[in-house]
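# Examining the three-dimensional arrangement
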Amino acid sequence: METIFNDKISIRALEIYDNKVWYSGTDSKFGFVDVKDTKNQKQIKLSEKQLQFRTLAQDKNAFYTVNIESPAEFFRIDKKDFKVIGIYTDTLKTAFYDTFVFANEEMGLALSDPDKDQNMKLGMVLIPAQQIYDFNQTSTKDKNNFIKFNKGEAAFAASNTNIATYKTKFWVATGGKASRIIKGDFASLESHIYNTPFVQGESSQGIYSIDFYEDKFGIAVGGDYTKQEANINNIATTNDGGETWQIQASGKNAGYTTCVKIKPNSKGKEMISVGDKHISYSSDFGKTWKKISDEKNLYVCEWVDQNTVIFAGKDRILKMKIN
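Residues numbered from 1 in each chain as written. Predicted model: local features only at pLDDT ≥ 70, side-chain atom pairs only at ≥ 80, totals over all residues. Heavy atoms only, no water.

This next bit is on the overall build of the protein chain. Check the secondary structure of the protein chain and you find one helix and 28 strands. The C-alpha radius of gyration computed for the protein chain amounts to 18 Å, which stays within 12% of the reference 20 Å derived for 323 residues, consistent with globular compactness. Overall, the protein chain is about 55 × 45 × 35 Å in size when its C-alpha atoms are taken along their principal axes. Each of the 323 residues in the protein chain was classed as buried or not, and the buried ones make up 58%. For the protein chain, the proportion of contacts with a sequence separation of at least 24, taken over those separated by at least 6, is 46%. Looking at the protein chain as shown, the accessible area adds up to about 13,900 Å², and 44% of this sits on carbon and sulfur atoms. In the protein chain, 43 positive and 41 negative side-chain charges are present, and the distance between their average locations comes to 2 Å. (Helix = DSSP H or I, 4+ residues; strand = E, 2+ residues; numbered from the N terminus. Rg over C-alpha atoms; globule rule 2.2 N^0.38 Å. Buried < 20%, exposed > 50% of the residue type's maximum accessible area, 1.4 Å probe, protein only. Contact = heavy atoms within 4.5 Å. Areas by Shrake-Rupley, 256 points an atom, 1.4 Å probe, with all protein chains shown as cover. Lys, Arg positive; Asp, Glu negative; His and termini not counted. Charge placed at Lys NZ, Arg CZ, Asp CG, Glu CD.)

Now for the pattern of salt bridges. A side chain with one charge may pair with a side chain of the opposite charge, provided their charged atoms come close. For the structure on display, the rule yields 15 salt bridges. Note that Asp7 and Lys29 form a salt bridge whose closest N and O atoms lie 3.1 Å from each other. With Asp7 in strand 1 (residues 2-17) and Lys29 in strand 3 (residues 29-34), this residue pair connects regions lying 22 residues apart in the sequence. You can call Lys29 buried: its relative accessible area is 11%. (Salt bridge = Lys/Arg side-chain N within 4 Å of Asp/Glu carboxyl O.)

Counting 26 residues, the largest nonpolar core has Phe5, Ile11, Leu14, Tyr23, Ile272, Phe311 and Ile317 as the members making the most contacts within it. Among the elements of the structure, strand 1, strand 2 (20-25), strand 24 (271-275), strand 25 (278-282), strand 27 (298-305) and strand 28 (308-321) are those that each provide at least two residues to this core. No other element matches the seven residues that strand 28 contributes to this core. Apart from residues lying up to four places away in sequence, Leu14 is in contact with Val21, Trp22, Tyr23, Leu56, Val300, Cys301, Glu302, Ile310 and Ala312. Membership of the second largest hydrophobic core comes to 17 residues, among which are Met120, Ile163, Val172 and Ile182. (Core = buried A, V, L, I, M, F, W, Y, C linked by side-chain atoms within 4.5 Å.)

This part covers the environment of Cys301. Note that Cys301 resides in strand 27. Residue class for Cys301 comes out buried when judged on its relative accessible area of 1%. Placed 90 residues apart in sequence, Cys301 and Asp211 show a C-alpha to C-alpha distance of 12 Å.

Now for unusual backbone geometry. With omega at 0°, the peptide bond leading from Ser70 into Pro71 counts as cis. By secondary structure assignment, the location of Pro71 is in the loop between strand 6 (62-66) and strand 7 (72-78). Residues other than glycine seldom take positive phi values, yet Asn265 does so here, at roughly 65°. You can call Asn265 exposed: its relative accessible area is 68%. Of note, Asn297 is a non-glycine position whose phi angle comes to about 60°, a positive value. Considering the arrangement of structural elements, one finds Asn297 in the loop between strand 26 (290-293) and strand 27.

Before going further, it helps to examine the state of the cysteines. Here the structure, examined in full by the defined rule, presents zero disulfides. The thiol sulfur of Cys259 is not disulfide-bonded, and the nearest other cysteine sulfur, from Cys301, lies at 3.7 Å. Its relative accessible area of 0% is what places Cys259 among the buried residues. (Disulfide = S-S within 2.5 Å.)

Looking along a regular strand, one sees side chains alternate from face to face of the sheet. In terms of burial, strand 17 (residues 180-185) is largely enclosed, as six of its six residues are buried. In strand 17, alternate side chains face the same way, and those of Arg180, Ile182 and Gly184 on one face and Ile181, Lys183 and Asp185 on the other are all buried. Of the strand pairs in this sheet, strand 15 (residues 169-173) and strand 17 are connected by five bridges, and their pairing is antiparallel. Residue Lys169 lies in a different strand from strand 17, and its bridge partner there is Asp185. (Pairing = 2+ DSSP bridges.)

The sheet built from four strands is open, its strands ordered 23-24-25-26 with antiparallel pairing. In the strand order of this sheet, the two ends are held by strand 23 (259-262) and strand 26, each with one partner. Between one strand axis and the next, the sheet turns through 25° on average, direction left out of account. As judged from the four bridges shared by strand 23 and strand 24, these two strands associate in the antiparallel manner. (Axes fitted to C-alpha atoms, helices over the stretch in contact; angles between N-to-C directions.)

In structure tokens form, the structure reads like this:
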């Protein structure tokens, strides 16, 4: 384990590009660290305001991020010259963006907490048109058929990983009073909601992170951030594209977890996860877990290659080599 970056910052979103780790964080900070030459670093501020970023997405030409809290400002950062432009502002009082990901080169998905009527706010960000459509508004004309969150149900802005995508499909994981999976297709504009056996019922409980291998196997992790050691019903897997979920390693894992990532080229068999108090590894499709580090205050992870993982959190970015 090697520390490759230190700063007064909290980081909950990472992207890998051009052999560099790109991050967004607190106090409007955005930048990169070169994985091989860690002295090669750059940081800018996206705004004069003290905005808090917990999202980061990329297409081939630019990075995109949106701050939590209202008004939520969407930014585009050009990969070549670092030029920053604002592309959209959500002024809704309930705006609180948890996740921003790209499904392909033309379609981004940005998830906010629900509006006052508990309607899901999933923005389909069309690039290069730079238009944003609400999936609910686009997918149905009947407001009675809007995807609604239960009262007290929302998503967690923990690691920018409560949305997973594969081709035109996407999965959204929720938590709080209910912890469910919303499965949609942005091509057909169809959607389905599935219940899970995940720990839920309190505002701090539920799924915090999901990842999928193609469109059948998926892994979900989370728990209760107010009870870090609690490890009952906080890991689950699916083999049918998110329709049904099976609890794994209940009572036999390291507790609350904020991010999970499937290892490249492992077909879902191997994966790594991180929580505020641990780093854990599974080599059997998430059925059993081994704690491999007691590092604390890390919130997000991302694979660089099959043997290198990046972690980030409070005031630092770390690089781990795995044999």
